[in-house]
Amino acid sequence: MNRYQEEYNRKKMSARQVLENIQSRDFVFTPMAASCPDALMGELQHLKDTGVKDVILQSCIPSVDYPVFHDPEMKAVMAHHGWFFTAGLRKANAQRLVSAVPQHSTSILRKTLDRIRYEGRRPVLLTTVSPMDARGYMSLSISSIYEMDVVRAGAVLLVEVNPNYPRTFGDTMVHISQVTALVESDRPILCVDPAPYTEVDATIGKYVASLVEDGSTIQLGIGNIPNAVANELKSKKHLGIHTEMFTETMVDLIECGAVDNTQKGFNDGVSICSFTMGSRRLYDFLDDNPMVLFKSSSYSNDPYTIGRNNKFVSINATLEMDLTGQAASESVGPVQFSGSGGQMNFVDGATDSHHGKSIIATTSTTRDGKISKIVPVLDLGATVTTIRTNVDYIITEYGIARLTGRTIRAALDALMDIGRPARVELAVLV
C-alpha cells in the first residue's frame, strides 16, 4: 500500500462524518448538475443535529430535487442561494427556501469569493470525483465550470468517490492531499438520453445550419433545438467545439467527422467545455479522453477566449423576445425560471470572433401554440438576459432575422416576419 492509499484510507468515513467538517458561517458550494454528490446531499439535513448556524449553500442546476431544499427547518441552519434554477428550485423559491443570485458566468465566482472574504466565511466544496489513481489524483469528472476555481481558492474539499464517473482532463485534477474527507459510493451516474425533436425544431435546425460555414467553431446547448441543429451539421467539414456544455450530439459530430477541431485557430485539436450531462454513451466517450478538455468557465466562457476562435457560432435559446430584440432568457415575468448562465458571454465572444455569428433560436410560440414568444413588449418584471444592442441573428420556424445594424423600425418588421402568422398590432411602438 503506497502513502497515497494510506492517506485516502485515513480520510474515508461515512457521509454524516464527512458533513461534520462543515462549521458555522461556512459558504458551501455544490457542483454543477449531475456532479452533485448524492451521498452527501442526501444527508445534508444532518446539519440540524450538528449545531451549526448561518451556513450558506450555493447550488447551480442540481439534477436531483433533494429533500433538504424543501425542509423549512433548514432555514435555521442555512440559507440557500441558487445560480441557475431547476423545477425543484422553482418550487423551493415559491416556498421562500431558496433565492436566486443574478450572475454572469465568468465573474460570479470571483465576486462570490470576494464576498466570502469580506464576510469572513470559509469556502467549502461538496462534489463527486472519479477514483484515485496511483499518484493520488482524482478527477472532478463531469464538471469543472467553477469547481476547480473554488479548490484553488483554498476551499475545504469534501468529496464522494464514485467509480461510475468518468475520468476527464483539463481543470479537473485534485490530489488526495487537498481532500479533507471523503465518502465512497457506487450509485449509478445520472443518465439522460437526447431529447427527441419535432418537425418545427428540425426546420429551425436547418435555418441555423445554413449560417454555419465549414471551419466554424460552435457552441451548442441542450434540448430539442440544439439536437436538431447538430443533426443538420453532420454534413459540415472541419468544425470545432468550444462550448460550456458538452452534449451527446457533439459525440455524433466528432464520430461522423464533421468536427475535427483543425481550423479553430485557438486550442486546435481539442474540444473545450466546462461540464456535461447525458447518456452512458457520452460518459464512456469522455472517460480518459484527452481530446476533450474541461476548463473553468472563467476561461471557457470568457468573451476574449471565445473570440480567439475562428468563425465562432454561438447558438442559444430564449423564453421571450420583444420586437426590438431584447431577449428574456431566464425569467417568466418577475418569476425566476432558470439563470443567465453563459448566454451573454457567448454572444459577446461570437461578436468578437473573426467572421463570428451569434444566433438565438426559438420556436415562435410555446409548445402548445397558445403563447407567442416574440411579443411587442416583455412581460412586466421580465429579466433581460441579452440586450438588443448585442443581438445578431434570431431564428424561428418562420425564418431568419438579422438585427445587427438595423433601426428599431426595421427590427420590428423583421421580427414580425418570423413571429406568429397573425401579425401583432404595433401602433404603441412605431
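Residues numbered from 1 in each chain as written. Predicted model: local features only at pLDDT ≥ 70, side-chain atom pairs only at ≥ 80, totals over all residues. Heavy atoms only, no water.

## Digging into the overall build of the protein chain
- In terms of helices and strands, the protein chain carries 15 helices and 25 strands.
- Expressed along its principal axes, the backbone C-alpha trace of the protein chain runs to roughly 70 × 45 × 35 Å.
- When burial is assessed residue by residue, the protein chain has 57% of its 430 residues classed as buried.
- Across the protein chain, contacts joining residues at least 24 apart in sequence account for 72% of those joining residues at least 6 apart.
- For the protein chain, the distance from the average site of its 42 positive side-chain charges to the average site of its 48 negative ones is 3 Å. (Helix = DSSP H or I, 4+ residues; strand = E, 2+ residues; numbered from the N terminus. Buried < 20%, exposed > 50% of the residue type's maximum accessible area, 1.4 Å probe, protein only. Contact = heavy atoms within 4.5 Å. Lys, Arg positive; Asp, Glu negative; His and termini not counted. Charge placed at Lys NZ, Arg CZ, Asp CG, Glu CD.)

## As for the nonpolar core
- Membership of the largest hydrophobic core comes to 40 residues, with the highest contact counts inside it found for Phe29, Met32, Met138, Tyr146, Val174, Ile176 and Leu182.
- Secondary structure elements with two or more residues in this core: helix H1 (3-11), strand S1 (26-32), strand S2 (55-60), helix H6 (108-119), strand S5 (122-129), helix H7 (147-152), strand S7 (156-161) and strand S10 (179-184).
- The dominant element in this core, judged by the number of residues it contributes, is H6, at four residues.
- If you look at the next biggest cluster of nonpolar residues, it comprises 31 residues, including Ile241, Leu253, Val259 and Val292. (Core = buried A, V, L, I, M, F, W, Y, C linked by side-chain atoms within 4.5 Å.)

## Comments concerning the sheet that holds strand S23 (residues 374-375)
- In spatial order, the strands read S19-S18-S23; together these three strands make up an open sheet with mixed pairing. Each edge of the open sheet is held by one strand with a lone partner, namely strand S19 (327-328) and S23.
- Two strands pair when backbone bridges link them, and strand S18 (residues 320-322) and S19 are joined in this way by two bridges, in the antiparallel orientation. Each residue of the ladder has a partner; that of glutamate 320, found in S19, is alanine 328. (Pairing = 2+ DSSP bridges.)

## Considering the sheet that holds S2
- A sheet is described by the order of its strands in space; here seven strands give the open sequence S4-S3-S2-S1-S5-S7-S10, paired in parallel fashion. In this open sheet, the two strands that pair with only one neighbour each are strand S4 (99-100) and S10.
- By the bridge criterion, four bridges tie S1 to S2 in an arrangement that is parallel. Bridging across to S2, phenylalanine 27 finds its partner in isoleucine 56.
- Across the sheet, H1 lies against S7 and S10, angled at about 75 degrees from S10, the strand it touches most.
- Lying on the sheet, H6 is in contact with S1 and S5; it crosses S1 at an angle near 165 degrees. (Axes fitted to C-alpha atoms, helices over the stretch in contact; angles between N-to-C directions.)

## A closer look at the environment of leucine 44
- Looking at the element boundaries, leucine 44 is found in the loop between helix H3 (38-41) and helix H4 (47-50).
- With a relative accessible area of 1%, leucine 44 lands in the buried category.
- Not counting residues within four places of it along the chain, the set of residues in contact with leucine 44 comprises Leu19, Leu57, Val68, Met74, Met78 and Leu126.

## Some details on the pattern of salt bridges
- Enumeration according to the criterion identifies 26 salt bridges in this entry.
- When the shortest N-O distance is used, the salt bridge between glutamate 43 and arginine 16 registers 2.9 Å. Of the two residues, glutamate 43 sits in the loop between H3 and H4 while arginine 16 sits in helix H2 (residues 15-19), which places them 27 residues apart along the sequence.
- Overall, glutamate 43 belongs to the partly exposed group, its relative accessible area being 29%.
- Of the charged contacts, one joins lysine 48 and aspartate 71 as a salt bridge, the two residues approaching to 2.7 Å between their closest N and O atoms. With lysine 48 in helix H4 and aspartate 71 in the loop between S2 and strand S3 (78-82), this pair connects stretches of sequence that are 23 residues apart.
- Under the relative-accessibility criterion, lysine 48 is labelled partly exposed at 32%.
- Three or more residues are tied together by salt bridges with common partners; here these are Arg25, Asp54, Arg115, Glu119 and Arg121. (Salt bridge = Lys/Arg side-chain N within 4 Å of Asp/Glu carboxyl O.)

## Examining the packing of aromatic side chains
- All told, the structure shown has seven aromatic pairs when counted by the stated rule.
- When the ring of phenylalanine 27 is compared with that of phenylalanine 29, the centres are 4.9 Å apart and the planes differ by 45 degrees; the resulting orientation is tilted.
- The class for phenylalanine 29 is buried, based on a relative accessible area of 0%.
- Among the aromatic side chains, those forming a connected cluster through ring pairs are Phe27, Phe29, Trp83 and Tyr146.
- Between the NZ or CZ atom of lysine 295 and the centre of the ring of tyrosine 299, over which it lies, the distance is 5.1 Å. (Phe/Tyr/Trp six-rings, centres within 6.5 Å; stacked < 30°, edge-to-face > 60°. Lys NZ or Arg CZ within 6 Å of the ring centre and 35° of its normal.)

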